[in-house]
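These are the residues of each chain, in order.
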Amino acid sequence: MKLSVVYALVPKTKFKAAIVAPLENVLKLASEVGINGIELNIPNPFEVNVTELEKKLSDYGLELSALSTGLSYVEYGYSLTHPSEELRKKSIEFFVKYCEIAHRLSKYNRVVIGLARGRSEGRSREEVLNILRSSIEEILKRTNGYGTTLLVEPINHYETDILNKLDETIEFIKSIGSPRVKLLLDTYHSTIEEKSPYDAIARAREYIGYVHVAENNRLAPGMGMLDWERIIYRLIAVGYSDYLSIECIPYPTYEEMVRTGVETLRRVLELRY
Ligand SMILES: [Mn+2]
């Protein structure tokens, strides 16, 4: 398994679980601690210098493990289920562009659907899931040439009221029926929403396309209550061998968050892999 860390490409943000710091410093730290990739959270895909990003990643020998998109909702309020058709369309345009960037910068070529799904805002569950499904289908159709994988992430109910639980997210993914739509399993969200974050891995099995790691308190692995040996062995047991992406609150500092997280995960990975 490889390790990456989530980086927010903004000077500051309300979103708590990402590193906000000068990009060069973070890339340098990442290469120092020997991790393999960076997951970029980009608020506006139309305002990013892709050539420059590509060069910086390659200068430090880092891969783009995934492109995340939550900041488009946090910073602009665009979402794939927005009650306003205009803002929903803006969100879809953003996602098409995210896919183009992921395709260009990353052999993994994947884009996260996290907070940018939006909230139900008084509409029924069925109605809002139908809207989300049709937005995703439109993105899939328009990005066929890029072949990008879309990762749908169950998110805990304090942050959204759409797709909190693993089982309903799997059902939703099945209802789209595209090999390009997979599950993003986040250990923090599943600790809040599932009976057992360990058993959740077994249930998610063939749908898992990517993994976010954080403790029950959303701090770095090693700073909370989760049993990382059990998590990693479950992932190995279901045949997952891709990225573990550290998406944590940078506490006490982002440097310590990265170092502790990497150390904790490496210790387990090195027992067998
Ligand atoms: Mn996550």
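What this report covers is the structure whose coordinates are included nearby. (Residues numbered from 1 in each chain as written. Predicted model: local features only at pLDDT ≥ 70, side-chain atom pairs only at ≥ 80, totals over all residues. Heavy atoms only, no water.)

**Structural notes on the overall build of the protein chain**
(1) Moving on: Counting secondary structure elements, the protein chain contains ten helices and eight strands.
(2) Moving on: What you see for the protein chain is a C-alpha radius of gyration of 17 Å, in line with the 19 Å of a compact globule of 273 residues.
(3) Moving on: On the principal axes, the C-alpha backbone points of the protein chain span a range of 45 × 45 × 30 Å.
(4) Moving on: Classification of the 273 residues of the protein chain by burial places 60% in the buried group.
(5) Moving on: As presented, the protein chain carries roughly 11,500 Å² of accessible surface, and 49% of it is formed by carbon and sulfur atoms.
(6) Moving on: Of note, the protein chain has its 35 positive side-chain charges centred 2 Å away from the centre of its 38 negative side-chain charges. (Helix = DSSP H or I, 4+ residues; strand = E, 2+ residues; numbered from the N terminus. Rg over C-alpha atoms; globule rule 2.2 N^0.38 Å. Buried < 20%, exposed > 50% of the residue type's maximum accessible area, 1.4 Å probe, protein only. Areas by Shrake-Rupley, 256 points an atom, 1.4 Å probe, with all protein chains shown as cover. Lys, Arg positive; Asp, Glu negative; His and termini not counted. Charge placed at Lys NZ, Arg CZ, Asp CG, Glu CD.)

**Quick notes on the packing of helix α2 (residues 50-59) against helix α4 (residues 85-105)**
(1) Moving on: Contact pair α2 / α4: the axes reach a minimum separation of 11 Å and the direction vectors enclose 35°. Seen along the crossing, α2 lies across α4 with a hand that is right-handed. For the pair α2 and α4, contact is made by Val50, Thr51, Leu53 and Glu54 and by Ile101, Arg104 and Leu105, respectively.
(2) Moving on: Residues of the contact of α2 with α4, tallied by class, amount to four nonpolar, one polar and two charged. (Axes fitted to C-alpha atoms, helices over the stretch in contact; angles between N-to-C directions. Left-handed = near helix turned anticlockwise from the far one by under 90°. Contact = heavy atoms within 4.5 Å. Nonpolar A, V, L, I, M, F, W, Y, C, P; charged D, E, K, R; others polar.)

**Points about the pairing of strand β7 (residues 208-213)**
Side-chain direction in a regular strand flips from residue to residue, so the side chains alternate between the two faces of the sheet.
(1) Moving on: Buried residues dominate β7, accounting for six of its six residues.
(2) Moving on: Two strands pair when backbone bridges link them, and strand β6 (residues 181-186) and β7 are joined in this way by four bridges, in the parallel orientation. Note that in β7 the partner of Leu185 across the bridge is Val211.
(3) Moving on: Inspection of the sheet shows β7 paired to strand β8 (residues 243-246) by three bridges, in the parallel sense. Following the sheet pairing, Val211 is matched in β8 by Leu244.
(4) Moving on: In this fold, β7 hands off to helix α9 (residues 228-237), which returns the chain to β8; that crossover is right-handed. (Pairing = 2+ DSSP bridges. Right-handed = clockwise from strand over helix to strand, strands pointing away.)

**Things to note about the packing of helix α1 (residues 23-32) against α2**
(1) Moving on: Look at α1 against α2: their axes get within 10 Å of each other, and the N-to-C directions meet at 30°. In terms of their interaxial angle, α1 and α2 are classed as roughly parallel. In this structure, the crossing between α1 and α2 has a hand that is right-handed. Here Leu23, Glu24 and Leu27 of α1 come into contact with α2, specifically with Leu53, Lys56 and Leu57.
(2) Moving on: Grouping the amino acids of the contact of α1 with α2 by side-chain chemistry returns four nonpolar, no polar and two charged. (Parallel < 35°, antiparallel > 145°, perpendicular 65-115°, else oblique.)

**Some remarks on the pairing of β6**
(1) Moving on: Here β6 lies mainly inside the structure; five of its six residues are buried.
(2) Moving on: Pairing of strand β5 (residues 149-152) with β6 involves three bridges; the strand directions are parallel. The partner of Leu150 across the bridge, within β6, is Val181.
(3) Moving on: Chirality of the crossover, the property in question, places the unit of β5, helix α6 (residues 166-176) and β6 among those that are right-handed.

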